[in-house]
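Spelled out from the first residue to the last, the chains are:
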Amino acid sequence: MSETTIDFKKHPHRRKNILTGEWLLVSPQRTQRPWQGKVESLPPDQRSSYDPKCYLCPGNKRAGGDANPEYKSCFSFTNDYSALEIDTPENIFNVNDLLVAKGQSGICRVICFSPRHDLTLPQLSVENISDVIELWCDEFKSLSENKNVRYILFFENKGEIMGCSNPHPHGQIWASSSIPNEIAKEQASQRDYLDAHKTCLLCDYVRLEQSEGERIIFEDENVVVLVPFWAIWPFEAMVIGKRHAGSIPELGSSERSGLARSLIRLTQKYDRLFNVSFPYSMGFHQRPSDGDGHEEWHLHAHFFPPLLRSATIRKFMVGYELLAGPQRDITPESAVERLKEA
Ligand SMILES: [Zn+2]
Ligand SMILES: [Zn+2]
Ligand SMILES: [Zn+2]
């Protein structure tokens, strides 16, 4: 059978995530089936620019007793409710290879993107996001100096639907002594590809997508923003730098401002898609900070938004997805069309 016999618009098929090695089931023929699921009510979105009860607003006191400074742009601090602690012993626990555990140390920090309680990332200025990127660079450098830190993840959960408890624009930084699951998978795939092809997996992937053009939402001289061929979430996107770099501190100044503009442009499109402040989990995948050079790593960001068909209809990962593997109905290519128009 030739490789061109799948009709992506008609035939159910599986697509491979080249970063994780996992497969996605696409069922394009189901897009027309009637919706009989739950309709959620929209959370109220009336906020003032300052909330005296918010632990992230400038000048306010936090749970640990410290007060935030009167910061003017962005600000980071160690989480008062950290999921990781730096002095945890890394002891190994193993009962007959059946009960297996390992101590994990780390540092969790919070980064406020803006002093304004009422704004979200798509409403911030390029200068403001550029300041956030500079702060990410400082955090990456200082955290990677700690010998107990082998991986640093920058991420943001936006929206109540994603379990974000505070609407103040902020992200998190988790620095851990182990390489997390998703990173380990992506590292192995990028390493294998480099060994086999002598070129970088994402450099080659970006060039292929540029020549096909079908899944690119937009691009500029530094950055490509696309819906990956293997996207699981309805409007999932990736932000990928055109030049090979493993971490945000390796970006030059024009690449950093290109990244800032891309983050704003993508999230503005998201907001316009269903005319709602669009929820998502996003994060940067950078090279591990374990002392190796990791030439195989190509810095990128993932956006995983849950909304499917409107401001109130979301995708759930249940049933087949929990028990077998991810599945989607609308194709990544039709999601791109929607995002281009938004
Ligand atoms: Zn606030
Ligand atoms: Zn590359
Ligand atoms: Zn990734």
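Our subject is the structure that appears above.
Being a predicted model, the structure only gives us computed values, none of them experimental.

Asks: Could you give an account of the overall build of the chain, naming the residues involved and the relevant values?
Replies: Helix and strand counts for the chain stand at six helices and 14 strands. Its C-alpha atoms give the chain a radius of gyration of 21 Å, within 12% of the compact-globule value 20 Å for 342 residues. Taking the principal axes of the C-alpha coordinates as reference, the chain spans close to 65 × 50 × 45 Å. Evaluated residue by residue, the chain yields a buried proportion of 49% over its 342 residues. The long-range fraction of contacts in the chain, counting pairs at least 24 apart against all pairs at least 6 apart in sequence, stands at 66%. In the structure as shown, the chain presents an accessible area of about 17,100 Å², 52% of it carried by carbon and sulfur atoms. Each charge sign in the chain was given a centre, from 39 positive and 46 negative side chains, and these centres are 4 Å apart.

Asks: Can you explain the coordination of the zinc ion (ligand 3)? Please cite residues and give values.
Replies: Here the zinc ion (ligand 3) is held by the protein donor atoms E186 (OE), E186 (OE), H285 (ND1), H300 (NE2) and H302 (NE2), which lie 2.0 to 2.3 Å from it. Mapped onto the sequence, the residues coordinating the zinc ion (ligand 3) show the spacing E-x98-H-x14-H-x1-H. Linking H285 in strand β12 (residues 280-285) with H302 in strand β13 (residues 300-304), this pair joins segments that are 17 residues apart in sequence. Pair check on accessibility: H285 and H302 agree, each one buried.

Asks: Break down helix α3 (residues 201-212) for me, with residues and values.
Replies: The end-to-end C-alpha distance of α3, which contains twelve residues, comes to 16 Å, matching closely the 16 Å that a straight helix rising 1.5 Å per residue would cover. The set of residues buried in α3 consists of L201, L202, C203, D204, Y205, V206 and E209. Considering only its buried residues, α3 is in contact with α2 (181-197), β9 (216-219), β10 (223-226), β11 (237-241) and β13. Just downstream of α3, G213 is the residue with a positive phi angle, here 75°.

Asks: Summarise the sheet that holds β10; cite the residues concerned and give the values.
Replies: Across the sheet, which stays open at both edges, the nine strands sit in the order β3-β6-β8-β7-β12-β13-β11-β10-β9 with antiparallel pairing between neighbours. Looking at the sheet topology across the chains shown, the edges are occupied by β3 (75-78) and β9. Put simply, the sheet's adjacent strands are angled 20° from each other on average, direction ignored. By the bridge criterion, four bridges tie β10 to β11 in an arrangement that is antiparallel.

Asks: How would you summarise the nonpolar core if you had to cite specific residues and measurements?
Replies: Judged by nonpolar contacts, the single largest core of 53 residues is most densely connected at W136 and F284. The leading source of residues in this core is helix α1 (residues 126-144), at eight residues. Ignoring sequence-local partners within four residues, the contact set of W136 consists of I111, F113, F154, I173, I248 and F284. Counting residues in hydrophobic clusters, the runner-up holds 13 residues, among them L202, L226, W230 and M238.

Asks: Outline the pairing of strand β7 (residues 151-158), supporting the account with residue identities and numerical values.
Replies: Regular strands place their side chains on alternate faces of the sheet. The buried fraction of β7 amounts to six of the eight residues, a majority that puts the element mostly inside the structure. Inspection of the sheet shows β7 paired to strand β8 (residues 170-176) by five bridges, in the antiparallel sense. Its bridge partner lying in β8, Y151 is registered against S176.

Asks: Would you mind going over the coordination of the zinc ion (ligand 1) in detail, with residue names and values included?
Replies: Geometry reference: four tetrahedral donors at a metal, ideal angle 109.5 degrees. Six octahedral donors, ideal angles 90 or 180 degrees. On the protein side, the zinc ion (ligand 1) has C54 (SG), C57 (SG), H117 (ND1) and H168 (ND1) as donor atoms, found 2.0 to 2.3 Å from it. One can describe the site at the zinc ion (ligand 1) as tetrahedral: its four donor atoms subtend angles covering 105 to 114° at the metal. Here H117 falls in the buried class, since its relative accessible area comes to 4%.

Asks: Before we move on, could you go through the packing of α1 against helix α4 (residues 253-273) and cite the residues and values that matter?
Replies: One way to put it is that α1 packs onto α4 with a least axis distance of 9 Å and a crossing angle of 120°. Viewed along their axes, α1 and α4 adopt a mutual orientation that is oblique. The interaxial crossing formed by α1 with α4 has right-handed handedness. Across from V126, I129, S130, I133, E134 and C137 in α1, the residues of α4 making contact are R256, S257, L259, A260, R261, L263 and I264.

Asks: So what about unusual backbone geometry? Which residues, and what values?
Replies: Of note in the backbone geometry, D97 takes a positive phi value of approximately 60° without being a glycine. Mapped onto the elements of the fold, D97 is located in the loop between β4 (92-95) and β5 (99-102). Its relative accessible area of 62% is what places D97 among the exposed residues.

Asks: How would you summarise empty space enclosed by the protein if you had to cite specific residues and measurements?
Replies: Using the criterion set out here, one finds one cavity of 30 Å³ or more in the structure. Taken as a whole, the largest cavity encloses approximately 130 Å³ of empty space. Taken together, 15 residues form the lining of the largest cavity, with V223, I240, G241, L251 and L299 sitting closest to its centre. Elements supplying a minimum of two residues to the lining of the largest cavity: β11, α4 and β13. The element that contributes the greatest number of residues to the lining of the largest cavity is β11, accounting for three residues. The residue makeup of the lining of the largest cavity, split by class, is nine nonpolar, three polar and three charged.

Asks: Could you give me a rundown of the side chain of R215, with the residues and numbers involved?
Replies: Position of R215 relative to the elements: it lies in the loop between α3 and β9. Here E209 takes part through its side chain, which lies 2.8 Å from a polar atom of the side chain of R215. A distance of 3.0 Å separates a polar atom in the side chain of R215 from a polar atom in the side chain of E212. Leave out the neighbours within four places in its chain, and R215 touches E209, L226, V227, P228, F229, E333 and V336.

Conventions and cut-offs
- Residues numbered from 1 in each chain as written.
- Chains lettered and ligands numbered in written order.
- Predicted model: local features only at pLDDT ≥ 70, side-chain atom pairs only at ≥ 80, totals over all residues.
- Heavy atoms only, no water.
- Helix = DSSP H or I, 4+ residues; strand = E, 2+ residues; numbered from the N terminus.
- Rg over C-alpha atoms; globule rule 2.2 N^0.38 Å.
- Buried < 20%, exposed > 50% of the residue type's maximum accessible area, 1.4 Å probe, protein only.
- Contact = heavy atoms within 4.5 Å.
- Areas by Shrake-Rupley, 256 points an atom, 1.4 Å probe, with all protein chains shown as cover.
- Lys, Arg positive; Asp, Glu negative; His and termini not counted.
- Charge placed at Lys NZ, Arg CZ, Asp CG, Glu CD.
- Donors = N, O, S within 2.8 Å, 3.2 Å for Na, K, Ca; no water.
- Expected span 1.5 Å × (residues − 1).
- Pairing = 2+ DSSP bridges.
- Axes fitted to C-alpha atoms, helices over the stretch in contact; angles between N-to-C directions.
- Core = buried A, V, L, I, M, F, W, Y, C linked by side-chain atoms within 4.5 Å.
- Tetrahedral: all angles 85-135°; square planar, octahedral: opposite > 155°, others 65-115°.
- Parallel < 35°, antiparallel > 145°, perpendicular 65-115°, else oblique.
- Left-handed = near helix turned anticlockwise from the far one by under 90°.
- 1 Å grid on protein atoms, 1.4 Å probe; cavity = no way out; pocket = protein on both sides within 12 Å on 5 of 7 lines; lining within 4 Å.
- Points joined across faces, edges and corners; volume = space filled by probe spheres on them.
- Nonpolar A, V, L, I, M, F, W, Y, C, P; charged D, E, K, R; others polar.
- Polar contact = N/O pair within 3.5 Å; in protein donor to acceptor, adjacent residues only side chain to side chain.

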